[in-house]
Amino acid sequence: SSDPVRRGRLTGGRPAEVAAFLSSMDADRWIADADVRVDIAHLLMLDRQGIIERDASQAVMAALLEMYENGVPDTVFDDEYEDVHAGIEATLIAASGMDKGGRLHMGRSRNDEVATCIRVRLREELLTHLEGLITLRGALLEQAANHTETVMPGFTHLQHAQPTTLGHYLLAYEQALSRDFERLTDAYIRVNRSPLGAAAFASTGYPIDREMTAELLGFPDLMLNTMDAVSARDFVIETASACTILMSTLSRLAEEIVLWSSAFVRFVTLDDAYCSTSSIMPQKKNPDTAEIMRGKTGAVAGAFTAAFTAVKGLPMSYNRDLQDVTPSLWRAVAESGACIGIATGIIETATFHPDRMREEAGRGFSTATELADVLVREYGLPFRAAHNIIGRAVRSETITLAVLEAAAQDLSGISLVERGLTAERITEALDVDVSVRMRRAPGGPAPETVQKAIAMRNVAREED
Ligand code: ARG
């Protein structure tokens, strides 16, 4: 075998089936460039510590810089290597000779190497997620600003509940996504620690400088205990978990969009770019991007579960099971990252329908709560009495002065008419705009309140 790692202890080749089974090459494409940087940092450290002779380090560095500048050659991914680390080492040995290239792996193991590579690449991916979330939150805030006055129905149990504004609705998603942003930021802190120098798990007898490689690779901290350093994958579970929770937010948004673009609801029309049609039904315009987003939530949650389950029973320290955890990480990251971008596009290009929203806003006696509040504030009723009286009127499907009066007499033995309630006051209280404008407690749907919230959220987004 030309795998530089296999030529000593083991003899003979192995069936292709076994080689493929053991290989991490597919997932290693994610970390090939990171591995070159990790090699460079390790080599600079070996050189400065006098662990490697200068002529050897220069030759190996030349070969590494070639890969750093032009990318790794395709040959490092060859089937004959078990993983990208073996492929890159073989390439370095081919370029600079065994006597030089064969000296790079002093004082380290693939165990600390791979853990470092995953962290280096994952940091970049997390930053891309965070940037994507900033853009998505910006798109939501922008649409919210266009729709502070757009009155729409709000739902509980998917039943018309109280009128709100579209601005308020969109801010709800922006706020949820800001917590996903926090969770990913928090995960980043724990990803950003260097395992390099832990070697197989027991560190090394060479006089290495772990701080130096950490600093060269931009890690502010070490994974100090070397046994923990090579075996820890809680950063993977944590990231996959944050991605899964993010997907639960995006999936709810997707569900909303599917619902809203249905003929029953018609609150939104998606841009054609985000829709598909049917091969048989010529009239169809389907919200497929939102559906796929909702569907991919399962894949991300599955990736989280796979990673968690693989890790949970492993004794210290490195076990090869860990190799199989990494693809789940990339799956969680790739799928959730794609969804952030698609969600942004959907929101940016969506056309909302204020007329339809207004039409629905008052349905289902959605302003009954405001009328109850009026009976409390202006006519001195206890809230529960007002609630019962109006509930009784709704049961008869009309809220008129006569019906309310009868219900009040019957339920509480009081006369609303005597207390001064008029038909005009009822009509006014049942107005959707009045109901929305009254709801201006912090975070509420009233247009000025939403405007204020948008300003605050824009600041929060800037700070993130
Ligand atoms: N490719 C492996 C991984 O992804 C790293 C190699 C460690 N192999 C070993 N036999 N200790 O985990």
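Quick caveat: nothing in here was measured; it's all calculated off a predicted structure.

**Considering the overall build of the chain**
The helix and strand inventory of the chain stands at 20 helices and six strands. Against the 2.2 N^0.38 benchmark of 23 Å for 464 residues, the chain shows a C-alpha radius of gyration of 31 Å, more extended than a compact globule. The principal-axis extent of the C-alpha atoms belonging to the chain is close to 105 × 50 × 40 Å. Burial status across the chain gives 43% buried among its 464 residues. A fraction of 75% describes how many contacts in the chain between residues 6 or more apart in sequence connect residues 24 or more apart.

**Considering the nonpolar core**
Counting residues in hydrophobic clusters, the biggest one holds 110 residues, and the most contacted among them are Ala-240, Ala-307 and Ala-343. When residues of this core are assigned to their parent elements, the largest contribution, 14 residues, is made by helix H11 (residues 234–260). Other than its neighbours up to four places away in sequence, Ala-307 contacts Val-236, Ile-237, Ala-240, Val-325, Ser-328 and Leu-329. In terms of nonpolar packing, the next biggest core, distinct from the first, is built from 17 residues, Ala-368, Ala-372, Leu-375 and Ala-393 among them.

**With respect to helix H12 (residues 288–311)**
Here H12 contains 24 residues, and its C-alpha end-to-end distance of 35 Å stays within 8% of the 34 Å for a straight helix at 1.5 Å per residue. If you check which residues of H12 are buried, you get Thr-289, Ala-290, Met-293, Arg-294, Lys-296, Thr-297, Val-300, Ala-303, Phe-304, Ala-307 and Ala-310. On its buried side, H12 packs onto H11 and helix H13 (326–349).

**Describing the UniProt feature "domain: Argininosuccinate lyase C-terminal" (unreviewed entry) in the chain**
Feature annotation in UniProt places "domain: Argininosuccinate lyase C-terminal" (unreviewed entry) on residues 365–436, given in this structure's numbering. Measuring from the first to the last C-alpha atom of residues 365–436 gives 14 Å, for a span that is 68% helix and 0% strand.

**Side note on the site of the ligand**
Around the ligand sit Ser-24, Asp-83, Arg-110, Asn-111, Val-114, Tyr-318, Arg-320, Leu-322, Gln-323 and Thr-326, and that is every residue in its neighbourhood. The biggest single contributor to the shell around the ligand is helix H7 (residues 110–146), with three residues. In the shell around the ligand, the residues fall into three nonpolar, four polar and three charged.

**Side note on the pairing of strand E1 (residues 151–156)**
Relative to strand E2 (residues 159–165), E1 is paired through six bridges, and the arrangement is antiparallel. Opposite Met-152, over in E2, you have Thr-164 as the bridge partner. What sits between E1 and E2 in their antiparallel hairpin is a turn of two residues, with His-157 showing a positive phi close to 55 degrees.

**Quick look at the UniProt feature "domain: Fumarate lyase N-terminal" (unreviewed entry) in the chain**
The UniProt feature table records "domain: Fumarate lyase N-terminal" (unreviewed entry) at residues 8–302. Helix makes up 61% of residues 8–302 and strand 6%, whereas the separation of the span's terminal C-alpha atoms amounts to 39 Å.

**Re helix H16 (residues 383–395)**
Between its first and last C-alpha atoms H16 spans 18 Å; for 13 residues at 1.5 Å apiece the expected length is 18 Å, and the two agree. Burial in H16 covers these residues: Ala-386, Ile-389, Ile-390 and Ala-393. Buried residues in H16, looked at end-on, bunch into an arc of 90 degrees, giving them a common side. The exposed set on the far side of H16, more than 90 degrees from its buried face, consists of Arg-384 and Arg-395. Check the buried side of H16 and you find it contacts helix H15 (368–379) and helix H17 (401–412).

**Quick notes on the packing of H16 against H17**
As a packed pair, H16 and H17 sit with axes 9 Å apart at the nearest point and diverge in direction by 130 degrees. Taken together, the axis directions place H16 and H17 in an arrangement best described as oblique. Where H16 crosses over H17, the two elements pack in a sense that is right-handed. Each of Ala-385, Asn-388, Ile-389, Arg-392 and Ala-393 in H16 lies in contact with H17, whose residues at this interface are Val-403, Leu-404, Ala-407, Ala-408, Leu-411 and Ser-412.

**Observations concerning the confidence of the model for the chain**
In the predicted model, the chain carries a mean pLDDT of 96, and 100% of its residues have values of at least 70. Confidence estimates for the predicted assembly give a pTM of 0.94 and an ipTM of 0.96.

**Overview of the domain arrangement of the chain**
One can read the domain layout of the chain as domain 1 (16–106), domain 2 (117–148 + 156–198 + 227–353) and domain 3 (361–459). Distance between the C-alpha centres of domain 2 and domain 3: 38 Å. Between domain 2 and domain 3, the contact holds 15 residues from the first and 18 residues from the second. Its residues assigned to classes, the side of domain 2 that touches domain 3 shows six nonpolar, eight polar and one charged.

**So, unusual backbone geometry**
For the bond running from Met-316 to Ser-317, omega is -5 degrees, close enough to zero to count as cis. Mapped onto the secondary structure, Ser-317 falls in the loop between H12 and H13. In this structure, Arg-266 takes a positive phi of about 50 degrees despite not being glycine. Tracing the sequence through the fold places Arg-266 in the loop between H11 and strand E5 (268–269). Judged by the 15 C-beta atoms lying within 10 Å of it, Arg-266 is partly exposed.

What counts, and where the lines are drawn
For every chain, the first residue of the written sequence is number 1, and numbering continues from 1 along that sequence. With the structure being a predicted model, the display of local features is reserved for residues of pLDDT at least 70 and the display and counting of side-chain atom pairs for 80 or more, all residues being used for whole-chain, interface and lining totals. Numbering of helices and strands starts at the N terminus; helices are DSSP runs of H or I of at least 4 residues and strands are runs of E of at least 2. In this setup the radius of gyration rests on C-alpha atoms only. A globule is expected at 2.2 Å times the number of residues raised to 0.38. The exposure scheme places C-beta atoms from the backbone and then counts, for each residue, the other C-beta atoms within 10 Å of its own, assigning buried at 20 or more, exposed at 12 or fewer, and partly exposed in between. Once C-beta atoms have been placed from the backbone, residue pairs whose C-beta atoms lie within 7 Å are recorded as contacts. The nonpolar core is taken to be a set of buried Ala, Val, Leu, Ile, Met, Phe, Trp, Tyr and Cys residues joined by way of C-beta atoms within 7 Å. By definition here, a helix of n residues has an expected span of 1.5 Å times n minus one. UniProt positions are given in the numbering used here, feature names are shortened, and annotations may be inferred rather than shown by experiment. We count a residue as near a molecule or strand when its backbone-placed C-beta atom lies within 6 Å of that partner. Gly is placed with the polar residues, together with every amino acid not listed as nonpolar (Ala, Val, Leu, Ile, Met, Phe, Trp, Tyr, Cys and Pro) or charged (Asp, Glu, Lys and Arg). Strand pairing follows a simple DSSP-based rule, namely that at least 2 bridges must link the two strands. Here the arc refers to the set of directions running from the helix axis out to each C-beta atom. Between N-to-C directions, angles cover 0 to 180 degrees, with each direction set by a line fitted to C-alpha atoms, over the stretch in contact for helices. Oblique is the label for any angle not under 35 degrees, not over 145, and not in the 65 to 115 range, which are roughly parallel, roughly antiparallel and roughly perpendicular in turn. The crossing is said to be left-handed when, going from far helix to near helix, the turn is anticlockwise and less than a right angle, and right-handed when the turn is clockwise. Scored from 0 to 100, pLDDT reflects the predictor's confidence in each residue. An automatic or database domain assignment supplies the start and end points of every domain.

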